[in-house]
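Next come the chains, spelled out residue by residue.
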Amino acid sequence: MNNKITIGTRGSKLSLAYSNRVKSLILKEGLIEDKNINIKIIKTSGDLFQNKKISEIGGKGLFCKEIEDELVDGKIDIAVHSLKDMESLERKELEVLAYIKRNDPRDSLISVKYKSFSEMNSGTIGSGSKRRELQLRLIKKNIKIKSIRGNIDTRIQKVIDGHYDGIVLALAGLKMLSLEKHVIEIFPLEDFLPAVGQGIIAAQCRKEDVKIKKLLSKINHEETKICAITERAFLKAIGGDCETAVGGNATIEKDLIKFKVQLFSDDGKKVFNLEKKGSRNQPEHLGKLVAEEILKSAGEEFKKKI
């Protein structure tokens, strides 16, 4: 492949790290030279309105919309996203062809004032996630939660400056930027399920772009793809929106997928947990099945939004 390739991404340090990860994997295939791969920074609505909650400006999809627009228009060849920022229903012209091997999906706590979460009896934790807020309250009912947005390094600085006693961040992003030294505690998956798709980089292209599809298929990590399809099928089937407090994590055990999910009621007062296994050859089926069962358990406590 001799043609030049343009990769579209957000301009944060983490997004650029994700894009450079995709670029390095493409280069390892030896089909294109470094000088022929360009990374283009694209401002998204999610980046432009950082003083507002995600729910107020249209949801997590706003971190992807402008990048996907440029992909559809042919201005870029590959869009790189954090999978957890993507809408569960993909645009009909586009397709994720490469799911990069999953990084650590767990959530972590950063604090300067405290050494562990157990010490934070009256502390204020920064989080922009309803899921994380309710999960934290399951462990400590009286914990104070204060909204926070911005890039990872900006959030960490706010803790260092004393604006927050702690913040919860995805461990995957911290590891990607070599910032895990700030972590005082990692929440176990058993008690603190992450967002669907957390820790996965998604490389997206146009469905009709045969050359790019072939290239991306070479850097796809199959086990990560199976888990991603399971989790996203579940998210789509429950009909949640950006305010839905839901966690999910799929893992591969030999020929099986083990899928564990957690869904909070609309009022946040009840929590529903479910774990199920299914064939690794039918990830979408498992995701939908788990969604049907947990929706049945939740009954009138949770209503589909989309």
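Preceding block: the structure.
These numbers come from a predicted model, not from an experiment. (Residues numbered from 1 in each chain as written. Predicted model: local features only at pLDDT ≥ 70, side-chain atom pairs only at ≥ 80, totals over all residues. Heavy atoms only, no water.)

A word on the pairing of strand β12 (residues 256-264)
- As judged from the eight bridges shared by strand β11 (residues 246-253) and β12, these two strands associate in the antiparallel manner. Bridging from a neighbouring strand, Glu253 pairs with Leu256 of β12.
- Here β11 folds back onto β12 in antiparallel fashion, the turn holding two residues, of which Lys254 has a positive phi close to 55°.
- For β12 and strand β13 (residues 271-279), the ladder comprises nine bridges, and the chain directions are antiparallel. Residue pairing across strands places Leu263 opposite Phe272, the latter belonging to β13.
- Here β12 folds back onto β13 in antiparallel fashion, the turn holding six residues, of which Gly268 has a positive phi close to 75°. (Pairing = 2+ DSSP bridges. Helix = DSSP H or I, 4+ residues; strand = E, 2+ residues; numbered from the N terminus.)

So, the sheet that holds β13
- Taken in spatial order, the three strands line up as β11-β12-β13 in an open sheet, and their pairing is antiparallel. Each end of this open sheet is capped by a strand with a single partner; those strands are β11 and β13. The sheet shows a mean angle of 10° between the axes of neighbouring strands, taken without regard to direction.
- Contacting β11, β12 and β13, helix α5 (residues 130-139) runs over the sheet at an angle of about 85° to β12.
- Where helix α9 (residues 222-238) meets the sheet, it contacts β11 and β12, and its direction lies at approximately 150° from that of β11. (Axes fitted to C-alpha atoms, helices over the stretch in contact; angles between N-to-C directions. Contact = heavy atoms within 4.5 Å.)

Side note on the side chain of Ser82
- Tracing the backbone shows Ser82 in strand β3 (residues 78-82).
- Residue class for Ser82 comes out buried when judged on its relative accessible area of 14%.
- Ignoring any residue separated from it by four or fewer positions in sequence, one finds Ser82 in contact with Tyr18 and Ile200. (Buried < 20%, exposed > 50% of the residue type's maximum accessible area, 1.4 Å probe, protein only.)

So, unusual backbone geometry
- The phi dihedral of Ser178 is positive, around 55°, even though this residue is not glycine.
- Judged by relative accessible area, which is 53%, Ser178 ranks as exposed.
- The backbone phi angle of Lys254 is positive, close to 55°, even though this residue is not glycine.
- You can see Lys254 is positioned in the loop between β11 and β12.
- Residue classification places Lys254 among the exposed positions, given a relative accessible area of 75%.

As for the sheet that holds strand β7 (residues 144-146)
- Reading across from one edge, β7-β6-β8-β5-β9 is the order of the five strands in this open sheet, with mixed pairing throughout. Of all strands in the sheet, those bounded by a partner on one side alone are β7 and β9 (183-186). Going across the sheet, the axis of each strand differs from the next one's by a mean of 30°, ignoring polarity.
- Here four bridges tie strand β5 (residues 107-110) to strand β8 (residues 166-170), and the two strands are oriented antiparallel to one another.

Describing the environment of Asp255
- One can find Asp255 in the loop between β11 and β12.
- As a C-alpha pair, Asp255 and Glu180 span 75 residues in sequence and 33 Å in three-dimensional space.
- In this structure Asp255 touches Gly278, Ser279 and Arg280, once residues within four positions along its chain are discounted.

Some words on helix α1 (residues 13-28)
- The first and last C-alpha atoms of α1 sit 22 Å apart over 16 residues, in line with the 22 Å expected at 1.5 Å per residue.
- Those residues of α1 that fall on the buried side of the exposure criterion are Leu14, Ser15, Ala17, Tyr18, Ser19, Val22, Lys23, Leu25 and Ile26.
- Count one or two residues on from α1 and you reach Gly30, which has phi positive near 70°. (Expected span 1.5 Å × (residues − 1).)

Some details on the nonpolar core
- Judged by nonpolar contacts, the single largest core of 33 residues is most densely connected at Ile78 and Leu216.
- Ranked by residues supplied to this core, first place goes to α1 with five residues.
- The contacts of Ile78, once residues within four sequence positions are left out, are Ile5, Thr6, Ile7, Gly8, Ile26, Leu71, Ala203, Gln204, Ile212 and Leu216.
- Ranked by size, the runner-up nonpolar core spans 21 residues in total, among them Val196, Ile252, Ile257 and Ala298. (Core = buried A, V, L, I, M, F, W, Y, C linked by side-chain atoms within 4.5 Å.)

Focus: the packing of α9 against helix α10 (residues 283-298)
- The N-to-C vectors of α9 and α10 enclose an angle of 35°; their axes lie 7 Å apart at closest approach. Crossing of α9 over α10 shows right-handed handedness. On α10, the residues that touch Ile226, Ile229, Thr230, Ala233, Phe234, Ala237 and Ile238 of α9 are Pro283, Glu284, Leu286, Gly287, Lys288, Val290, Ala291, Ile294 and Leu295. (Left-handed = near helix turned anticlockwise from the far one by under 90°.)

Some details on helix α4 (residues 65-72)
- All buried positions along α4 are accounted for by Glu66, Ile67, Glu68, Glu70 and Leu71.
- Positive backbone phi, at 80°, marks Gly74, one or two positions downstream of α4.

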